[in-house]
Amino acid sequence: MRVFVCLLATIAIFAGCVGAWWFYWPVLQVESRVKSRLPEVASLSGVFYNKKTGTACGYVSAHDPGGSAAAKTHFILMPDGDLRLDPKDTIQGSTLQQLESLRKHADYLALVYASCHRG
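Reading guide: rules and limits
Residues numbered from 1 in each chain as written. Predicted model: local features only at pLDDT ≥ 70, side-chain atom pairs only at ≥ 80, totals over all residues. Heavy atoms only, no water. Salt bridge = Lys/Arg side-chain N within 4 Å of Asp/Glu carboxyl O. Helix = DSSP H or I, 4+ residues; strand = E, 2+ residues; numbered from the N terminus. Buried < 20%, exposed > 50% of the residue type's maximum accessible area, 1.4 Å probe, protein only. Pairing = 2+ DSSP bridges. Patch = residues over 30% accessible without salt bridge, like charges linked within 9 Å, V, L, I, M, F, W, Y side chains within 5 Å. Areas by Shrake-Rupley, 256 points an atom, 1.4 Å probe, with all protein chains shown as cover. Disulfide = S-S within 2.5 Å.

### Things to note about the pattern of salt bridges
According to the stated counting rule, one finds three salt bridges in the structure shown. Across the pair Asp 82 and Arg 84 runs a salt bridge, and its minimum N-O distance is 2.9 Å. Two residues, Arg 103 and Glu 100, come together in a salt bridge whose shortest N-O distance is 2.5 Å. Residue Arg 103 and its partner Glu 100 are both found in helix α2 (residues 95-115); the two are separated by three residues, about one turn of the helix. Residues participating in the shared-partner salt-bridge network are Glu 100, Arg 103 and Asp 107.

### Some points on the pairing of strand β3 (residues 73-77)
Most of β3 is tucked away, with five of its five residues classed as buried. Judged by which residues are buried, β3 turns out to be covered on both faces: Thr 73, Phe 75 and Leu 77 on one side and His 74 and Ile 76 on the other are all buried. Pairing between strand β2 (residues 55-62) and β3: five bridges, direction antiparallel. The residue of β3 that forms the bridge with Val 60 is Thr 73. As judged from the three bridges shared by β3 and strand β4 (residues 83-85), these two strands associate in the antiparallel manner. Bridging from a neighbouring strand, Phe 75 pairs with Leu 85 of β4. Where β3 folds back on β4, the antiparallel hairpin that results is connected by five residues, among which Gly 81 adopts a positive phi of roughly 95 degrees.

### A short note on a nonpolar patch on the surface
A surface patch of nonpolar side chains, about 480 Å² in accessible area, is lined by Met 1, Phe 4, Val 5 and Leu 8. As for its placement among the helices and strands, Met 1 is situated in the segment before α1 (2-37).

### Some details on the state of the cysteines
Tallied over the full model, the rule gives one disulfide. In this model Cys 57 forms its disulfide with Cys 116; the gap between the sulfur atoms is 1.6 Å. Of note, the bridge from Cys 57 to Cys 116 carries an S-S torsion of about -70 degrees and is left-handed in sense. In this pair, Cys 57 sits in strand β2 while Cys 116 sits in the segment after α2, placing the two residues 59 residues apart along the sequence. Since its relative accessible area comes to 4%, Cys 57 is described here as buried. You can call Cys 116 buried: its relative accessible area is 12%.

Pasting the structure below:
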């Protein structure tokens, strides 16, 4: 009976380790790739890796030179390693400048919708 319980416990531990590797290894890889591309990353949060599209999404906070807390910025890490950040352009200026800013925001939101949805 003890052998059976030990064997069952060993299989459970092995399954737990494989499950943790399967779900958390891609997230750890994403975090290291984002930190290597941004020089002053303070923290990452809400990281999600989409296995269907091969993209990762989440929020990144950078160190502020003044020492105050920095705002979160949404990011998308593409399968080819390209890092895209949420455009923070304000919508102001001439009509043409406003339209260009709106286009950048719409393109980013379309990319979020195509790459970052869960389910």
